Amino acid sequence: MTAPTYKTALVIGATGLIGNLLTHQLLESPQYETVKVLVRSPLKWKHPRLQEVTFDFERPNGLLTQADDIFCCLGTTMKKAGSKEAFKKVDYQYPLDIARLGRESGAQQFLIVTAMGADPDSSFFYNRVKGEVERDLKALQYPALLIFRPSLLLGNRGENRLGERLAEGAMRLFNPLIPARYKGIEAAKVARAMLVTAQQALTGTHVYESDILQAY
């Protein structure tokens, strides 16, 4: 019998809402021998299969991005970024840089969280940036590119974002009346969808809208 092959996962954005949940799920999965996370500062928890990699996103080192499957949960807000330029650097340039370096190092899958309504031709800056990163990731020709477009994320962010907390409260209240595609979605479901689809040996580009993600 052939021994199973265990893979290396690389997570970008492991301190965020989805990224944190996904990292824990990956560490519990028997499919991954090592889970690498790119961080600016150390995480507050440890695991024997967790490998923290201090990373300078302004000067990305391809030797540090080697993995079989790359999971990108990186993202910010306009308020936190402070400018459109800074926002685009985090939500567009950093993911694209890592994807390019990872592909050059032999990565087979790239999985990324963008947003519902992502469209490179959108008149809304946020949706346009999300659409642009999707478009340019496709040009890298990964064997498998999996794109996840959740609606408003529900879950404990661990930080004070008053506007998002108010929106989340309203979304939970009215969720039963909202069409499936627009319902708020638990971040844990998005993380689970990323883990599950990564094991399906898919090829080509696959887009998962929020209503599809609700099933996970």
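Structure shown above.
Parameters at a glance
- Residues numbered from 1 in each chain as written.
- Predicted model: local features only at pLDDT ≥ 70, side-chain atom pairs only at ≥ 80, totals over all residues.
- Heavy atoms only, no water.
- Axes fitted to C-alpha atoms, helices over the stretch in contact; angles between N-to-C directions.
- Helix = DSSP H or I, 4+ residues; strand = E, 2+ residues; numbered from the N terminus.
- Parallel < 35°, antiparallel > 145°, perpendicular 65-115°, else oblique.
- Left-handed = near helix turned anticlockwise from the far one by under 90°.
- Contact = heavy atoms within 4.5 Å.
- Nonpolar A, V, L, I, M, F, W, Y, C, P; charged D, E, K, R; others polar.
- Phe/Tyr/Trp six-rings, centres within 6.5 Å; stacked < 30°, edge-to-face > 60°.
- Lys NZ or Arg CZ within 6 Å of the ring centre and 35° of its normal.
- Pairing = 2+ DSSP bridges.
- Buried < 20%, exposed > 50% of the residue type's maximum accessible area, 1.4 Å probe, protein only.
- Polar contact = N/O pair within 3.5 Å; in protein donor to acceptor, adjacent residues only side chain to side chain.
- Core = buried A, V, L, I, M, F, W, Y, C linked by side-chain atoms within 4.5 Å.

A. Up close: the packing of helix α3 (residues 84-104) against helix α4 (residues 125-138). Closest axis-to-axis distance for the α3/α4 pair is 10 Å, and the angle between their directions is 15°. When the axis of α3 is compared with that of α4, the two are roughly parallel. Both α3 and α4 take part in a crossing whose hand is right-handed. Residues Lys84, Phe87, Lys88, Asp91, Tyr92, Pro95, Leu96 and Ala99 of α3 pack against Phe125, Tyr126, Val129, Lys130, Glu132, Val133, Asp136 and Leu137 of α4. Grouping the constituent residues of the contact of α3 with α4 by class yields 10 nonpolar, no polar and 6 charged.

B. How the structure looks around the packing of aromatic side chains. In total, this model carries 7 aromatic pairs according to the counting rule given. Where Phe55 meets Phe57, the ring centres are 5.0 Å apart and the plane angle is 70°; that geometry is what we call edge-to-face. Through pairs of rings, three or more aromatic residues link up here, namely Phe55, Phe57 and Tyr94. Sitting over the ring of Phe125, Lys84 keeps its end group 5.1 Å from the ring centre.

C. How the structure looks around the sheet that holds strand β1 (residues 7-12). The parallel open sheet is built from 7 strands, whose spatial order is β3-β2-β1-β4-β5-β6-β9. The sheet is open, and its two edges are formed by β3 (50-54) and β9 (204-209), each paired on a single side. For this sheet the average axis-to-axis angle between neighbouring strands, irrespective of direction, equals 15°. Sheet topology note: the strand β6 (residues 144-149)/β9 ladder contains 6 bridges and is parallel. Looking across to β9, one finds that Ala144 is bridged to Gly204.

D. Spatial organisation of the side chain of Ser210. Tracing the backbone shows Ser210 in helix α7 (residues 210-213). Assessed through its relative accessible area of 0%, Ser210 is described here as buried. Polar side-chain contacts of Ser210 include one of 2.9 Å to the backbone nitrogen of Ser151.

E. Spotlight on unusual backbone geometry. Look at Gln141: it is not a glycine, yet its phi comes out positive at around 55°. With respect to the helices and strands, the residue Gln141 is situated in the loop between α4 and β6. Look at Gln141 and you get exposed, because its relative accessible area is 64%.

F. Layout of the packing of helix α1 (residues 17-28) against helix α6 (residues 187-198). Between α1 and α6, whose axes approach to 8 Å, the crossing angle comes to 50°. Relative to α6, α1 is oriented oblique. As α1 runs across α6, the sense of the crossing is right-handed. Residues Leu17, Ile18, Leu21, Leu22, Gln25 and Leu26 of α1 touch α6, and the partners they reach there are Ala187, Ala188, Val190, Ala191, Arg192, Met194 and Leu195. Of the residues assigned to the contact of α1 with α6, the class counts are 11 nonpolar, 1 polar and 1 charged.

G. Representation of the side chain of Ser29. Within the secondary structure, Ser29 sits in the loop between α1 and β2 (32-39). With residues near it in sequence (within four places) discarded, Ser29 still touches Arg49 and Leu195.

H. A look at the nonpolar core. Within the largest apolar cluster, 32 residues are counted, with the highest numbers of intra-cluster contacts made by Ile18, Leu22, Leu26, Tyr32, Phe71, Phe148 and Met194. Secondary structure elements with two or more residues in this core: β1, α1, β2, β5 (109-113), β6 and α6. With 7 residues, α6 is the largest single contributor of residues to this core. When near neighbours in sequence (up to four residues on either side) are disregarded, Phe148 contacts Leu111, Ile112, Val113, Thr114, Ala115, Ala193, Met194, Thr197, Tyr208 and Leu213. Residues Leu38, Cys72, Leu74 and Phe125 belong to the second largest nonpolar core, which totals 28 residues.

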